[in-house]
Amino acid sequence: MPADRLLATVLRAYQDTPNPTTTDKILATTTALLTSLNNPLNLSLLTSHFLTARSIWQAPDGLRTCLRVMSIYNTAAIHVRKNELDNANGPRGMPLVGSGVGSEDWARAVAKGADDRSSRWQHVLVLTGILMGMEGGSRRSLSRSLRSTLEQAVATAANLALEDQTRTGPLGRGAVVLALTYAFPLMSESVKQLLHANVLLPAIIEAMLGDEGFQRGTFISSIIRDITPGKVMRWQPDSPSVARISRLESRPLAQNMGPVARLAGFAVQQATDPNIVLQAHEELLKFTATLLDTWSHCPLSSIDQSVEAVAISPDSLEGPYPMLWQLLKKIMFTVVATLQPMVGRSLLDPFMRNDMVAPAMAAKTLHTLRNLSFISMRQGAGAFQVYEFTYLTSLDIITRYPGACVSYLQDTQPPTPQNGNIVPSPSIQALTLFHLNTAEHLPLSLPTPAAENLIVTPATAYLSPTTSWLYSPANNPPSSLTLQLFEAAHACVLSVLSCPQHSPLAAQLIPFYIDVLLSSFPSRISPRQFRLAFRTVMQITSPPYPISATHPELSETLLEMLRFRALDASTDALLKLNEKAAAATSKEEVPVVSEQTALVLALIDALPYLPLHALEEWLTRAAETMNTIVEPDMREVVRRRFWDILVSGEMDVERGAVGVAWWGTNGGREMVLMGQPRGSGNGDFMMSGALVAEQVRESSRL
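### Some points on the overall build of the protein
Inference 1: Of the regular secondary structure elements, the protein holds 36 helices and two strands.
Inference 2: What you see for the protein is a C-alpha radius of gyration of 36 Å, clearly larger than the 27 Å of a compact globule of 702 residues, by over 25%.
Inference 3: Summarising its shape, the C-alpha atoms of the protein cover approximately 125 × 60 × 50 Å along the three principal directions.
Inference 4: The contacts in the protein between residues at least 6 apart in sequence include a share of 76% that link residues at least 24 apart.
Inference 5: When the accessible surface of the protein is totalled, it reaches about 31800 Å², and 55% of it is carbon and sulfur.
Inference 6: With 56 positive and 62 negative side-chain charges, the protein shows a separation of 10 Å between the mean positions of the two kinds.

### Notes on the packing of aromatic side chains
Inference 1: With the rule as written, the count across this model stands at 17 aromatic pairs.
Inference 2: By the ring-pair criterion, three or more aromatic residues cluster together here, those being Phe 333, Phe 384, Tyr 387, Tyr 391 and Phe 434.
Inference 3: The ring of Phe 564 carries Arg 563 above its face, with NZ or CZ at 5.1 Å from the centroid.
Inference 4: Over the aromatic face of Trp 618 sits the side chain of Arg 621, whose NZ or CZ is 4.7 Å from the ring centroid.

### Things to note about the nonpolar core
Inference 1: Counting 222 residues, the largest nonpolar core has Trp 106, Leu 300 and Phe 642 as the members making the most contacts within it.
Inference 2: Here the element with the most residues in this core is helix H18 (residues 320–346); it accounts for 11 residues.
Inference 3: Filtering out sequence-adjacent residues up to four positions away, Trp 106 remains in contact with Leu 34, Leu 43, Tyr 73, Ala 76, Ala 77, Val 80, Val 101, Ile 130 and Met 134.

### What about the pattern of salt bridges?
Inference 1: Within this structure, the stated rule accounts for 27 salt bridges.
Inference 2: Of the charged contacts in the structure, one is a salt bridge between Glu 670 and Arg 669, with a shortest N-O distance of 3.3 Å.
Inference 3: Linked through salt bridges whose partners overlap, the residues forming this network are Arg 531, Arg 535, Asp 605, Arg 641, Asp 644 and Glu 650.

### Side note on helix H33 (residues 632–647)
Inference 1: With 16 residues, H33 should cover 22 Å at 1.5 Å per step; its first-to-last C-alpha distance of 22 Å lies within 8% of that length.
Inference 2: On its buried side, H33 packs onto helix H27 (527–540), helix H31 (595–605), helix H32 (612–626), helix H34 (653–665) and helix H35 (668–673).

### Examining the side chain of Ser 427
Inference 1: Looking at the element boundaries, Ser 427 is found in helix H23 (residues 426–439).
Inference 2: For Ser 427, a relative accessible area of 5% translates into the label buried.
Inference 3: Each residue touching Ser 427, except ones within four places of it in the same chain, is listed here: Trp 295, Ser 296, Ser 301 and Phe 374.

### Quick word on unusual backbone geometry
Inference 1: Here the amide bond leading from Phe 521 into Pro 522 is cis, since omega sits at 5 degrees, within 30 degrees of zero.
Inference 2: Position of Pro 522 relative to the elements: it lies in the loop between helix H26 (503–520) and H27.
Inference 3: With an omega of 10 degrees, the peptide bond running from Pro 543 to Pro 544 counts as cis.
Inference 4: Among the secondary structure elements, Pro 544 is positioned in the loop between H27 and helix H28 (547–550).
Inference 5: Unlike most non-glycine residues, Ser 138 shows phi in positive territory, near 65 degrees.
Inference 6: Position of Ser 138 relative to the elements: it lies in the loop between helix H7 (120–135) and helix H8 (144–163).
Inference 7: The phi angle at Gln 379 is positive, at roughly 55 degrees, despite the residue not being glycine.
Inference 8: Within the secondary structure, Gln 379 is located in the loop between helix H20 (373–376) and helix H21 (385–398).
Inference 9: Gln 379 sits in the exposed class, given a relative accessible area of 53%.

### Side note on the packing of helix H6 (residues 103–112) against H7
Inference 1: H7 packs onto H6 with a crossing angle of 170 degrees between their chain directions and a minimal axis gap of 10 Å. Here H7 runs roughly antiparallel to H6, going by the angle between their axes. Facing Ser 103, Trp 106, Ala 107, Val 110 and Ala 111 of H6, the residues of H7 in contact are Val 126, Leu 127, Ile 130 and Met 134.
Inference 2: Within the contact of H6 with H7, the residues separate by chemical class into eight nonpolar, one polar and no charged.

### Focus on helix H11 (residues 197–209)
Inference 1: The end-to-end C-alpha distance of H11 is 18 Å, a good match for the 18 Å that 13 residues give at a rise of 1.5 Å each.
Inference 2: Where H11 is concerned, the buried positions are Ala 197, Leu 200, Leu 201, Ala 203, Ile 204, Ile 205, Ala 207, Met 208 and Leu 209.
Inference 3: On its buried face, H11 sits against H8, helix H9 (165–183), helix H14 (257–270), helix H15 (274–296) and H18.

### Points about the environment of Glu 654
Inference 1: Mapped onto the secondary structure, Glu 654 falls in helix H34.
Inference 2: Sequence spacing of Glu 654 and Leu 612 is 42 residues, and the spatial spacing of their C-alpha atoms is 7.7 Å.

### Considerations on a nonpolar patch on the surface
Inference 1: Together, Leu 347, Leu 348 and Phe 389 make up an exposed nonpolar region whose accessible area comes to about 280 Å².
Inference 2: The residue Leu 348 is located in the loop between H18 and helix H19 (358–371) in this model.

### Observations concerning the packing of helix H1 (residues 3–14) against helix H3 (residues 40–50)
Inference 1: Contact pair H1 / H3: the axes reach a minimum separation of 10 Å and the direction vectors enclose 15 degrees. The orientation of H1 relative to H3 falls into the category roughly parallel. Note on packing geometry: the crossing formed by H1 with H3 is left-handed. Packed against H1, whose contacting residues are Asp 4, Leu 7, Val 10, Leu 11 and Tyr 14, the element H3 presents Asn 42, Leu 45, Leu 46, His 49 and Phe 50 at the interface.

### What about the environment of Arg 345?
Inference 1: Positionally, Arg 345 belongs in helix H18.
Inference 2: Residue Arg 345 is classed as buried on the basis of its relative accessible area of 12%.
Inference 3: C-alpha of Arg 345 to C-alpha of Pro 274: the two residues are 71 residues apart in sequence and 9.4 Å apart in space.
Inference 4: When residues no more than four places from it in sequence are discounted, the contact partners of Arg 345 are Val 268, Gln 269, Ala 271, Pro 274, Val 277 and Met 352.

### Describing the side chain of Ser 44
Inference 1: Tracing the backbone shows Ser 44 in helix H3.
Inference 2: Under the relative-accessibility criterion, Ser 44 is labelled buried at 14%.
Inference 3: A distance of 2.5 Å separates a polar atom in the side chain of Ser 44 from the backbone oxygen of Ala 109.
Inference 4: Beyond its immediate stretch of four places on either side in the chain, Ser 44 contacts Ala 109, Lys 112 and Gly 113.

### Comments concerning the confidence of the model for the protein
Inference 1: Chain-level pLDDT for the protein is 89 on average; 93% of the residues reach the 70-or-more range.
Inference 2: Between the elements of the protein, mean pLDDT differs from a low of 42, seen in helix H30 (residues 580–585), to a high of 97, seen in H19.
Inference 3: A low-confidence stretch, residues 694–702 stays under pLDDT 50, and its non-local contacts, those more than four residues away or across chains, total two contacts.

### Description of the environment of His 196
Inference 1: Examined against the element boundaries, His 196 turns out to sit in the loop between helix H10 (189–192) and H11.
Inference 2: Setting aside residues no more than four positions away along its own chain, His 196 makes contact with Asn 159 and Glu 163.
Inference 3: Looking at His 196, its side chain comes within polar contact range of the side chain of Glu 163, at 2.4 Å.

Each value, and the rule that gives it
Residues numbered from 1 in each chain as written. Predicted model: local features only at pLDDT ≥ 70, side-chain atom pairs only at ≥ 80, totals over all residues. Heavy atoms only, no water. Helix = DSSP H or I, 4+ residues; strand = E, 2+ residues; numbered from the N terminus. Rg over C-alpha atoms; globule rule 2.2 N^0.38 Å. Contact = heavy atoms within 4.5 Å. Areas by Shrake-Rupley, 256 points an atom, 1.4 Å probe, with all protein chains shown as cover. Lys, Arg positive; Asp, Glu negative; His and termini not counted. Charge placed at Lys NZ, Arg CZ, Asp CG, Glu CD. Phe/Tyr/Trp six-rings, centres within 6.5 Å; stacked < 30°, edge-to-face > 60°. Lys NZ or Arg CZ within 6 Å of the ring centre and 35° of its normal. Core = buried A, V, L, I, M, F, W, Y, C linked by side-chain atoms within 4.5 Å. Buried < 20%, exposed > 50% of the residue type's maximum accessible area, 1.4 Å probe, protein only. Salt bridge = Lys/Arg side-chain N within 4 Å of Asp/Glu carboxyl O. Expected span 1.5 Å × (residues − 1). Axes fitted to C-alpha atoms, helices over the stretch in contact; angles between N-to-C directions. Parallel < 35°, antiparallel > 145°, perpendicular 65-115°, else oblique. Nonpolar A, V, L, I, M, F, W, Y, C, P; charged D, E, K, R; others polar. Patch = residues over 30% accessible without salt bridge, like charges linked within 9 Å, V, L, I, M, F, W, Y side chains within 5 Å. Left-handed = near helix turned anticlockwise from the far one by under 90°. Polar contact = N/O pair within 3.5 Å; in protein donor to acceptor, adjacent residues only side chain to side chain. pLDDT = per-residue confidence, 0-100.

As structure tokens, then:
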């Protein structure tokens, strides 16, 4: 059919009522006409009528229709440019390929069709499609001036559309955001500055969290209705909730959340009104709070990762369940990537870093990350750089404000562990772990009563066998967060003990903690962790910590407890515990040790922190205890550590001098290297190479 007749046909089809069966044909015909019409006026006419077509816009399929519009003009622009190059490079006299309209003339003609009859947000779709087709993929189809004009036209149309809230509507704002995710990488820096970030940022947050994005987390509610409870939980792959998640994942904006988050970061940095940024920050907090609340009511939230294989039906485990977690991870990545520039701006913006806004914003950021902890704590999903920056920077800010620290810890207090066989749900465990990990950083900013009530009390509840479900038979097999919770509780107690201002509390807490530490080893903590914890406690009981003056006997008492435990400890080699953090930071092969060996190593680790008057005696006792190790290889490990303590500089000058004297003249060398008992050298001074009495008698017999 000739192009003119086809144009008339499609213009009539534009006025028909919407019909999904004919929509595809109309769009395909429009693409063909855009590449075949040789009159620029007809190109403008086609675009003008297309943007007002009843059959397209009366009942659009959300942002899918908007994406198809951009795709039409992108595809047409690519073909026009290709035809232009073929005609330029072809032999003379050869018939023209396509319409014969040049790229620049075609772009101008199509852009003229974006007139006042249609909405500004529709103009953004057309102009973005032209820009993508002509300049995307390293194509350089337009002159520098025309490309600059086209980029400015995209920015101007986007600004006008977003500023006209009444005419644009949610679909229009979502369309602008979608178009900018494609156009933004093609814009020059000067043109990017033309975008009005004050209206762009709210539109991005609305699109990200709305119906075309993450749907405010309401998709979880539909899952609740479709799950069949029982000993083995069933979630049918053909259920409506699975179909809804599939539709959500296939939406253009949901598939493009990475560029959406980058666009949001730009808008956060460029917004001239800080309140717009704070409002967006608040929206993210509300969204994550709703997501956490909805997930907590979902039966799937009660299933720990360690028992998924037996608690969920195979068809659910292989189909919808991984798809759900993939979507939840995408939500976490998007929210955190949007939070990161907000936190970064709070460090520089005078309004956002003042003493009224900064602590509140840092606390809300931590609340947002806490709401996502049921996702971030699963298989280390939160171990990426953007998350770490957002989390640690918020901690750095809030620690400057003791009142904010107290308020945050009060708001996030975990429930007290239940006695008996009640194991909290995985989401409660994740919230508790986030609280403990955060509380570990805050003792320096807290008064002692607050540190005791808000950090020590929750932490010790997870350490005591009589109050913690971690020791319960019901926690078998152990939940996926058991070890992390136990380690976090230890870290919290140690962080409080390490603060000099909490010395009165430390004096009361250390005996209990050492008892827990000894009872937990080696079943629940590794030799490395035990040695680190014990060395930290010994350091706390030594100068210059105040507790060394108020309780001078405490350090020796602790070492005596450790020494007596080592004398009766098992000599069997220990099995390695799962220490992901240690494996990530050290590639050295850890020698196999027994319980006794680990205790003796901890005793030697503590020597640099002893008072001067007690050091020589404990050097001797440590050597004696080392010599009780029967296994030669393990004894050699301890011997190397003993030598390392003496020569590596871990001791200060005064203690180093005591160590040298003990080694050289007080029998230390003989005890460590030769295994001789205390006092076997009788303290005699001899010239190097002299023969002792026993050796003289042996030689006389010869």
